[in-house]
Each structure stands twice: as structure tokens, then as C-alpha cells.
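Listed below, chain by chain, are the residues.
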Amino acid sequence: MKILVMNGPNMQLLGRRKAEFYGVKTLPEIEQSLQKTAEELQIEIEFYQSNHEGCLCDKVAESIGHIDGIVINPAAYTHTSVALRDALEAARIPAVEVHLSNINARDEFRKISLTAPVCIGQIAGLGADGYEWALRALVRKLQTEQSGKEQ
Ligand code: DQA
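Residues numbered from 1 in each chain as written. Predicted model: local features only at pLDDT ≥ 70, side-chain atom pairs only at ≥ 80, totals over all residues. Heavy atoms only, no water.

(A) Geometry of the packing of helix H2 (residues 27–41) against helix H5 (residues 129–150). With their axes 10 Å apart at the nearest point, H2 and H5 run at an angle of 30° to one another. Between H2 and H5, the crossing angle belongs to the class labelled roughly parallel. Judged by the twist between their axes, the crossing of H2 over H5 is right-handed. Residues Ile 30, Leu 34, Thr 37, Ala 38, Glu 40 and Leu 41 of H2 lie in contact with H5, whose contacting residues are Tyr 131, Glu 132, Leu 135, Arg 136, Val 139 and Gln 143. The residue inventory of the contact of H2 with H5, partitioned by class, reads seven nonpolar, two polar and three charged. (Axes fitted to C-alpha atoms, helices over the stretch in contact; angles between N-to-C directions. Helix = DSSP H or I, 4+ residues; strand = E, 2+ residues; numbered from the N terminus. Parallel < 35°, antiparallel > 145°, perpendicular 65-115°, else oblique. Left-handed = near helix turned anticlockwise from the far one by under 90°. Contact = heavy atoms within 4.5 Å. Nonpolar A, V, L, I, M, F, W, Y, C, P; charged D, E, K, R; others polar.)

Laid out in C-alpha cells, this is it:
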């Protein structure tokens, strides 16, 4: 099983962004601990970050056929990107949306996620741990579905 962990714009700046919302961990630190979780779960994991909407859409499309699930923090594109939503919808790869901060308790414009409706679930407000819960939940769901198919 192979999972893609995608991050949108400015997530490469984690560690410098407002700690009260995003914590102090850098993206490589988050990815390192997800790599360990992936080893524990005996799955393959790939990481991708881009500041560019089209690159994120390309990555989703390129994942068709060889990625089983996506953990995605679309960052600011969560609230604006019809293109990324359409890409996720068309790819039909089960995806879980993650936000470090609780987007529902912040600015009004952050309360709307264009991408969440095409994801199977969303985790927000649990900091970097949210990525780990998302990965574990996604893998469990995919494994349950796979074993159901085998029966
Ligand atoms: C974010 C929340 C977004 O509103 C914001 O634009 C981000 C990060 C989060 O992880 O809390 O860049 O997705």
C-alpha cells in the first residue's frame, strides 16, 4: 500500500509561521515522524509539497493508478481552489484532509473548505499529530476495504 502526503503553499515555512496556530515543528520533522509511522504500519509513503496550485493538481492526477490514499493539507488552497477540489474528485483516490490549526475557530474565510467535501474525512486543530491520526485512519480504512474485497 502506498500513501501520498501532500502539503500546499507555505507549509515549507513551518517552524517560522505563527506558532500559536501551526506549532514549532518543521515540515521535514513532521515528515520524519510520518516515515516512522509508515514503517510501523508497513506501508510505503511519499511526500510532496508545492506552493503552486497547478503542481498540486498535477501531482494528484499523476497519482492515479499507483497511490492508494492521500493525506492532504491544501493550506490556503483549502479555501480557494476549485481546481484542486476537481482534481481530487476526478482522481477518486481516498483522501483525508488535515489542518494543523482549528480552521473552524479562526477567520470566517478559513471556515470554508472547498476540498473537504471530496475527501473521506477531515482532521483539524490537533497540530502535527493530526497528520499521524489521518495516516493511521486512512490506512485502517483502506485495509478494511481491501480485506472485505478478498472475502
Ligand atoms: C492550514 C490552515 C489554512 O487556513 C492556512 O492557510 C494554512 C495552514 C493549517 O494547517 O492549519 O496555510 O491549512
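(B) Structural detail: the site of the ligand. By nearness alone, every residue bordering the ligand is listed as Arg 17, Tyr 22, Asn 73, Ala 75, Ala 76, His 79, His 99, Leu 100, Ser 101, Ile 103 and Arg 110. At a separation of 3.3 Å, an oxygen atom of the ligand approaches a polar backbone atom of Ala 76. Of the pockets mapped on this structure, the ligand occupies the largest pocket. For the shell around the ligand, the per-class residue count stands at five nonpolar, four polar and two charged. (Near = heavy atom within 4 Å. Polar contact = N/O pair within 3.5 Å; in protein donor to acceptor, adjacent residues only side chain to side chain. 1 Å grid on protein atoms, 1.4 Å probe; cavity = no way out; pocket = protein on both sides within 12 Å on 5 of 7 lines; lining within 4 Å. Sits in = over half its atoms within 2 Å of the grid points.)

(C) Broad picture of H2. The end-to-end C-alpha distance of H2, which contains 15 residues, comes to 21 Å, matching closely the 21 Å that a straight helix rising 1.5 Å per residue would cover. Along its buried surface, H2 packs onto strand E1 (2–7), strand E2 (44–49) and H5. Looking one or two places after H2, you find Gln 42, whose phi comes out positive at around 55°. (Expected span 1.5 Å × (residues − 1).)

(D) The layout of surface pockets, seen in detail. There is about 170 Å³ of room inside the largest pocket. Taken together, 16 residues make up the lining of the largest pocket; nearest its centre are Arg 17, Tyr 22, Ala 75, Ala 76 and Arg 110. (Points joined across faces, edges and corners; volume = space filled by probe spheres on them.)

(E) Highlighting unusual backbone geometry. With a phi angle near 75°, Asn 10 is a residue other than glycine that sits in the positive phi range. With respect to the helices, strands and loops of the structure, Asn 10 is situated in the loop between E1 and helix H1 (19–22). The exposure class of Asn 10 is partly exposed, given its relative accessible area of 33%. Phi at Gln 42 takes a positive value of approximately 55°, unusual for a residue other than glycine. Relative to the helices and strands, Gln 42 is located in the loop between H2 and E2. (Buried < 20%, exposed > 50% of the residue type's maximum accessible area, 1.4 Å probe, protein only.)

(F) Here's a closer look at the side chain of Asn 73. Structurally, the position occupied by Asn 73 is in strand E3 (residues 69–73). Judged by its relative accessible area of 2%, Asn 73 falls in the buried class. Reaching out from Asn 73, the side chain makes a polar contact with the backbone oxygen of Val 98 at a distance of 3.4 Å. Of the polar contacts made by the side chain of Asn 73, one reaches the side chain of Tyr 131; its length is 3.1 Å.

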